Each structure stands twice: as structure tokens, then as C-alpha cells.
Amino acid sequence: MPNNLTIRVGGDTGTTTGVISTGEMLTFAMARSQYDVFTFRTNPAESKGGQAMYQVRMGNHPVLSQGTFLDILIAYDEECLKTHAKDLKSDGLLIYDTDTFVPDDSYQEQSYGVPLSTVAQTVSGTKKSKNLVALGVVTEILGLPLESVKTVVKEQFRHKPEKVVEGNIKSLESGRAWALKNNILKDFHVRPRELKTSKVVMSGNEAMAAGAVYSGCRYYAGYPITPASEILEFLQKELPKFDGVAIQTEDEIAAITSCIGASFAGVKAMTATSGPGFSLMLEALGLSSMTEIPIVIVDCQRGGPSTGLPTKTEQSDLMQAIFGGHGEAPRVVMAPANVKDCFFGIIKAFNIAEKYQIPVLFLSDQSLSQRTQTYTRPKLTNIEVWNRLKASGSHANGDYLRYQMTDTGVSPIAVPGESPSPYVATGLEHNEHGDPNYTPANHFRMTVKRHKKLENIAKESGFTRRFGDEQAKVGILSWGSTEGPIEEAIHKANQSGYEVAALQVKMLHPLPDEEIKHFLKSVQHVIVPELNFTGQLSQIIRSKYLIPTIRLNKCAGMPFTPEEILNKIEEVIIKN
Amino acid sequence: MPQTNVHVQNVNEIKSNVVPVWCPGCGDYGVLAAIYRACVIMDLDLKSTVIVSGIGCSGRLPIFTKCYGFHGVHGRVLPTATGVKLANPKLTVIAVGGDGDGLAIGGGHFPHAARRNVDITYIMMDNSVYGLTKGQGSPTTAPEFTLKALPYGVQEENLNPVALSLAYDVSYVARVFSGAIDQMTDLFVKAIQHKGFSFVHAISPCTAFNDTYKFYRERVVPIPAEHDVHNKKSALDLWQTKGKVYLGTFYEDNRLDMGTTFQKLSETVQSKGKGTMERLFDQFT
């Protein structure tokens, strides 16, 4: 029995409905059956037409990457097989729709043809439910309990008429029956996990939105953009339950400025976007920094520049996040490593934003935002939530110093409606009162004040994760969603007798200096894998720490596979 | 913390320590004076009053008051004010900005503010020129005006803010003139009292770069008393009258504002149970 399996579903969205929904239901059925899951999907940029694929890897252990090669491929059409055949393991299984095509003889030993449309038509009266037949076949082969799958199907179609649900269940059952009748030579049952724990299965975007709600975010504004829109949708559904407001604005500039307005009024606020929208927000990012009004901005990075690759992943907005915008505007840049981190990380993003009255950017990417992953259901009692330091007392006579000089650079903030110390927040350079002031000495003093916060933020704990071997000479320094494939590659490297250490950096600006220095000192060679062309973190590490780094860049719109990382590890070890 | 309200008896108590930097004779002084007076007449609690402004001469206005103020980026007055009001519906929110701020760089926000009908008051201080950058043509510069920085005048048609706001279906539309401060004060009060998005077109001439006082003094007339403010067609006729610039309330309706809509939405959604993190996570198990 294997410990994990990778399954991919694919087809043309113009002719086949339900490529993504097959994958989603399969994922939830696995999660319900107590397996860990990790999904990866590519949608065509258009809403109808073009090849879509959904991949899910299931395991009885935490699954760290989408996997490289396929154990099972479900091909709805011939084009799908052509595209994905190269990824199917030599002993992998092809499930295909005999109503659409028949593969050549080379697949004879390991293929499984089902007349999906015919079966669907016969049992439910519509070909539309052919994806349910496919779901039945594959869940039977995987040995997932029928009841778990049925629950998922009923949940998926809960808004549909009774008749449709019945037809879908019948299609599912006939798929299961079809698979039972035909022997599969290889065992595709994943060994069940021994210790059962309460898990949640959600996407990165959902986890970020959930974390925002937990943090006390009660104002969200956003403009639809792939791959961030699910955050807007989720919060429009959830925030009214929490007396919060989520609005879809006319553009990203309105989104961020309305968030700054809401936060000025004392409410924690967030917006989410992707690279193109983030570019539009840069002017207002400076406003947040200058007025010292905290906000959280999520950037679900996608392939760029310009419209780029809207549905593909990339880590190419790091420089924009750290340096983008005019003038010198201190901001914090963080990046989650996985779905669990999306939840816990964004709580830290809000905490830092509030404590230091500063904008915080949270860099996800398409593969992380739209992937579904399982993690242990969080215990919500001991996660800290920080709030901004409010001004106390009455300063109606005008002696309130909104931007009072302090050791930390943070000054108590007055909130309209609460504090009788009105002040004007302005994007103009201002003095301690907040009044416009352009004198040379004042500009320098206030610039120092705003930047002082970064020194203290760099000392906040919990922004690195070190793993791998303590004594290793080769180290990997990484950020964002690349953590999973790196961890898996290090496990594999260990099996080959190589020692590798890794440091995942979760705050990219300011850098957690002590931990990084310590790590760099402990290794002789540093590999920096990034999903971009120019090696953005690598450049920053080189310029800040004056060390040579070894770049590993992938600029293909796809995440790293563990093998790609492993190859680089071997190359570096063998060379040295 | 005990919450002390900040009310004032006369306009001098609202003035901040910062002295206005506008040119002598600027129409913006009139707008500022009318805002001071409206605050006193309405007995507004300054602690719960927020004046949001954009960039331009008008953008400085909040700094000259003892209200809370937000002086943001160019063109984004309306979304910023929307965020303030939706975050705390108890605040009185007044947005001020120029014609360039509201109709050029920020022109895209105006129709959406109208659609949302958030309970804020938007005073567009229209001097038909870019004053702070010394005299370029603005979206409301009429072809017949010649400007120092624009010897041949503008080649575009001028926009009419009242016409736009009527077309966008703004729920309260009025026009005032810095040469008539008493009426301006009255209409600011009405606009602030209006529950929904209220728009006041304030003609506020620039004595330095486009002195239109004489032009408007010759043309302004009060809206006739018989005008029905609920009649959009009649309001449209008024702005189209050649040779006259009407002052007063053009239009008014009382549809629900967005803050109330959200409040009702929350009540409906929560009738099935208030949100908790446990319930939120239950959706993902």
C-alpha cells in the first residue's frame, strides 16, 4: 500500500463541464476519509473553453507539494491525454472517456476506459453528470468510503433541485459499480492514517480570509482579479455575520483608499489583489505609511508583467512590494509558506500592522491561493490578537501630538468618535501635531521616526522556520510557497545521504536579521530557489549580507517540483 | 474611558491654529466659513465629525478646522470618505475636493459613490482651474475662459457637475456660490442632514488664475420656489437654462443609504445565527 498518490483530472472546459468540480469533490472525499490533501489547478484564463486541469495528491502524512508524477490520470478528451501523458508514471493508471476517444495501444496494460457520457445518460437522463460517473470510478479504485463521497456530492449540489442531486448520486453509484466489475491489477488504496485528528481543508485564499476575520478585520474592499477574487467572495459572505462590511469597489485605488479611510475610523481593514492591482495601489500604500494608518494588503502574485499569465503562479512582486512607490515609505512584507500559514500568518500581519501603525503586505501566489490543503483545525483560544495603541485623555484644546516622538517610532492614535482629540491625517510631510511642515529638520526627524519602526519589527520573533540538518554545509534560503517542495526535496536528499539545511523566511522586509545571519554563518553554500527570472530575494540577500548566493530560478508559471530542488542540491554538493 | 463630546458655540472655536494659506479673495474662504457655520448650527460633535479632502487648494480645508480630518491622495476623496463612514456609521462625514480632483483624476469614483448612496456629503469646490499648479485648464473650464497658463483657452467642452450628478442619480443635488455664503450655509446644513449621498456643487472662484466672480454674479439666480425637488425632469431643465446659473436644491430623494442596507443585511444574515470562528471553520471540515 502506498503512503501517497497523485491524481490529475483534465479536459476542455468548452466541451466538458466539471473538470474542476470533479477535482474538488474528489479532494473533499479524500479529506473526509481522513487523508491529507494538497491540490494544484490550472484554469484557462477564459471562463469557457481551453484545457483545465485539477491535481490532487493525497497522503497519510502532511503532503508538502503537488507531486511530480501521476499515479492516476483522468482524461476527458484526447487533448488532455496528449498534454499530460508525459507526467503519468510508467505503472500509472489512465482513466478515459470511451465516448470521446480511444488511446493508442501503448496504454493497453494500464488504462481503464469508461463510456462516461453513455452511463450518465442512461442512469440520470443527462450527459452532464458524466463527471460524477468518473468520480465514482476513481473513488472506488481509491477505496474511499461511498458514504463519505455521497456526503460531499450532496453538499456540492445542495442548491440544485432534488432531481439533479438524485441523478448525480445514481451516476456516482454506477461509476463505482463499473469499477467494481473490472479488476485493477495495481493497488491504489492509500494506507489509512493511524492517528485521526480534527482537520480542516481549505484554500489559501479562504485561509487568509478566515485569518483576517479572526484578527478582527471588519472592513474589506476589493476589486475582482484572478487569483485573489475568492477572498472578496468569501468575505462578502462572512463579514455580515460578524457585523463587518465587505464591498466590491470600482477599482483597486478605491479599494485601498477606502481601507485607509476605514482604518482611520478605527476599524481593521484589508484589501486583496494580484500584481496589476497592486501596482495601482502603490501611491496609496505611501499614504498609509505617511499617515501611519495600519492596513493589510494581500497580493496573490501571478505571472507578469502587464496582464501576464493571470491563472499561473510566480513570485515576481517581491521587489515591487519592498521598494514600489515613490519616496521612502516604510512598509512590512510577509509571505506565507502554505495554507496553514495563510491563516496564522495573516493574523501576524494584522498584529504587526496594528502594533506599529504601518502597512503590511502579504505575498501569496496563485498556486498557494487557489490550492486546497488540509491542516489541523486551529485551537482558537491561544492565538494572540494585537490592537493599536490608542490616545487617551482629552486634547480638545489642540495639544494632542498625533505623531509624538517616541523611542519606538509608534505614537498613540486618536480614533474619530472615540477620542476627543481630533487631528488631521495628511499625506503631506507634517510635524508632531500632524500639521503640514516642510522644514529640512522636520522632514529628517519624521523620516527617522517612520523608519525606526522597522528596526523593532525586524526583532519580532517567529518569522523564520529552520528545518533540515543542523550540521549541513549546503543551505537553502527561501520564501513563500516554495517551502513545501524544498522540504520534500530535503527528505529525498537525506535518503541519498546528503545533508541540507533550510531557512524559510516569512518576513521579507524588514528581514529577521539575527536568524538569517546565524543561518548564513552555519552553512558554506546558499541556494535561493525562486519562481521568478531575476532572483529577487537572492539579490536582496547578496546586497545586504555581501555573500555569493546560488540562484535557482523557475519562470514557467508553475511551482517547483521537489525533483527540481533536489537536482540543484546534488549539483551543488557534487561541484563542491 | 469617559467620552467627552466636543461642541462649540461659535465659529471661532472651530478654527484650528493653522492659518489658511489661500490667496486673498479665494472662494474657498467662503466655503470654509459656511462649513464652520453649518457645524455650529447643527451643533455637531467635532470629535465625531470627519472632513475628508483630496489634493489641490481645497484639499487644505480640514487642516483649518478642529474636526477630525483626512487629507488623502489626489482624486480619492470619495472612496476614502466611503471607508470612514462604512467603518463607523455614527460619524458625520464631509468630503471636500476640487473640480480637477473630483472630475478629472477622480472622476471614476463619482458614479459609484452615487450608486452606493453612502450617507456622506460631498462638496465640490469648483474654481474651474488648477490653482495649486498655477493655472492649467480643468474639466470645468469653459471654452470662453482664457487663463494665464492657457492663452488659447481649452479645446474641450466643460463638464457640468450638476448635470453629471443628476445623471448619476445622486440622491441630493444642490448648487451654491461663494458670493452667497448665507445660502451656502443653509444648503450645507440640508446636505449634511440628508440621509444618503448628498452632492453640493460649490462655485468657488480663483482670484489668482481664473477670477469668475463677475461672470457668475451676472448669472446666478435662485431656483424658483415652485420647483419640485423630487422632479428629476424639472431639475434637468433648470441646469440647461441658457444664460442662468441656478443656485439651490435641484433634486432630492430618500432611498436607502448603503450603511443602512448593510445593517439590514447583517440583521437578516444573523437571524440564522451570529458569526463565530467555530461556525466559520465548520464549513471546511
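Quantities reported herein were computed from a predicted structural model and do not represent experimental measurements.

Participant: I keep staring at the nonpolar core and nothing clicks. Help me out?
Facilitator: Side chains that are nonpolar tend, in soluble globular proteins, to be buried together. Residues Tyr-219 and Tyr-423 of chain A are the most contacted members of the largest nonpolar core, which totals 92 residues. In this view, Tyr-219 of chain A contacts Leu-239, Val-245, Ile-247, Ser-258, Cys-259, Ala-262, Val-267, Lys-268, Ala-269 and Met-270 of chain A together with Gly-83 and Leu-86 of chain B; residues no more than four positions away in its chain are not counted. Formed by 53 residues, the second largest nonpolar core is a distinct cluster that contains Leu-239, Phe-242, Val-296 and Ile-352 of chain A.

Participant: I would appreciate a short explanation of the packing of helix α4 (residues 130–142) of chain A against helix α6 (residues 162–181) of chain A in the present structure.
Facilitator: The description of two helices packed together rests on the angle between their axes and the distance between the axes. Residue and element names in this part refer to chain A. One can describe the packing of α4 onto α6 by two numbers: an axis separation of 7 Å at closest approach and a directional angle of 45°. Our classification of the angle between α4 and α6 gives oblique. The handedness of the crossing between α4 and α6 is right-handed. Together, Leu-132, Val-133, Leu-135, Gly-136, Val-137, Thr-139, Glu-140 and Ile-141 of α4 and Asn-168, Ser-171, Leu-172, Ser-174, Gly-175, Arg-176, Ala-179 and Leu-180 of α6 make up the contact between the two elements.

Participant: I keep staring at the layout of surface pockets and nothing clicks. Help me out?
Facilitator: Over the atoms, a rolled probe matching the size of one water molecule traces out where space is still vacant. Counted as a void, the largest pocket has a volume near 1,000 Å³. Lining the largest pocket are 25 residues, and of these Phe-28, Arg-158 and Glu-206 of chain A together with Gln-283 and Phe-284 of chain B sit closest to its centre. Looking at the lining of the largest pocket, the elements that each hand over two or more residues are α1 (19–32), α5 (146–156), β7 (199–203), α7 (204–215) and α8 (229–238) of chain A. Here the residues of the lining of the largest pocket are counted per class, giving five nonpolar, 10 polar and 10 charged. No fewer than three residues from each of domain 1 (4–181) and domain 2 (201–376) of chain A sit in the lining of the largest pocket. Considering only enclosed or pocket space, the second largest pocket measures out at about 780 Å³ in volume. Considering the residues around the second largest pocket, the lining is formed by 41 residues, among which Asn-338, Lys-340, Asp-341, Phe-344 and Lys-506 of chain A are closest to the centre.

Participant: Sorry if this is basic, but what is going on with the interface of chain A and chain B here?
Facilitator: Many structure descriptions define interface size as the accessible area lost when the parts assemble. Listed per partner, the contact involves 66 residues of chain A and 52 residues of chain B. Area buried by chain A at its contact with chain B is led by Glu-250, Arg-377 and Val-424 of chain A, which between them contribute 13% of it. Ionic pairing is found between Asp-282 of chain B and Arg-377 of chain A, a salt bridge with its closest N-O pair at 2.9 Å. In this assembly, chain A and chain B are joined by 24 residue pairs in polar contact (both at pLDDT 80 or more). Of all the secondary-structure elements, those providing two or more residues to the side of chain A that touches chain B are β7, α7, α8, β9 (245–248), α9 (252–264), α10 (275–291) and β15 (424–426) of chain A. Examining the composition of the side of chain A that touches chain B, we find that eight residues originate from one element, α9 of chain A, more than from any other. The class makeup of the residues in the side of chain A that touches chain B is 39 nonpolar, 14 polar and 13 charged.

Scoring rules and cut-offs
Residues numbered from 1 in each chain as written. Chains lettered and ligands numbered in written order. Predicted model: local features only at pLDDT ≥ 70, side-chain atom pairs only at ≥ 80, totals over all residues. Heavy atoms only, no water. Core = buried A, V, L, I, M, F, W, Y, C linked by side-chain atoms within 4.5 Å. Buried < 20%, exposed > 50% of the residue type's maximum accessible area, 1.4 Å probe, protein only. Contact = heavy atoms within 4.5 Å. Axes fitted to C-alpha atoms, helices over the stretch in contact; angles between N-to-C directions. Helix = DSSP H or I, 4+ residues; strand = E, 2+ residues; numbered from the N terminus. Parallel < 35°, antiparallel > 145°, perpendicular 65-115°, else oblique. Left-handed = near helix turned anticlockwise from the far one by under 90°. 1 Å grid on protein atoms, 1.4 Å probe; cavity = no way out; pocket = protein on both sides within 12 Å on 5 of 7 lines; lining within 4 Å. Points joined across faces, edges and corners; volume = space filled by probe spheres on them. Nonpolar A, V, L, I, M, F, W, Y, C, P; charged D, E, K, R; others polar. Domains from an automatic or database assignment. Buried area = accessible area lost by both parts, 1.4 Å probe. Salt bridge = Lys/Arg side-chain N within 4 Å of Asp/Glu carboxyl O. Polar contact = N/O pair within 3.5 Å; in protein donor to acceptor, adjacent residues only side chain to side chain.

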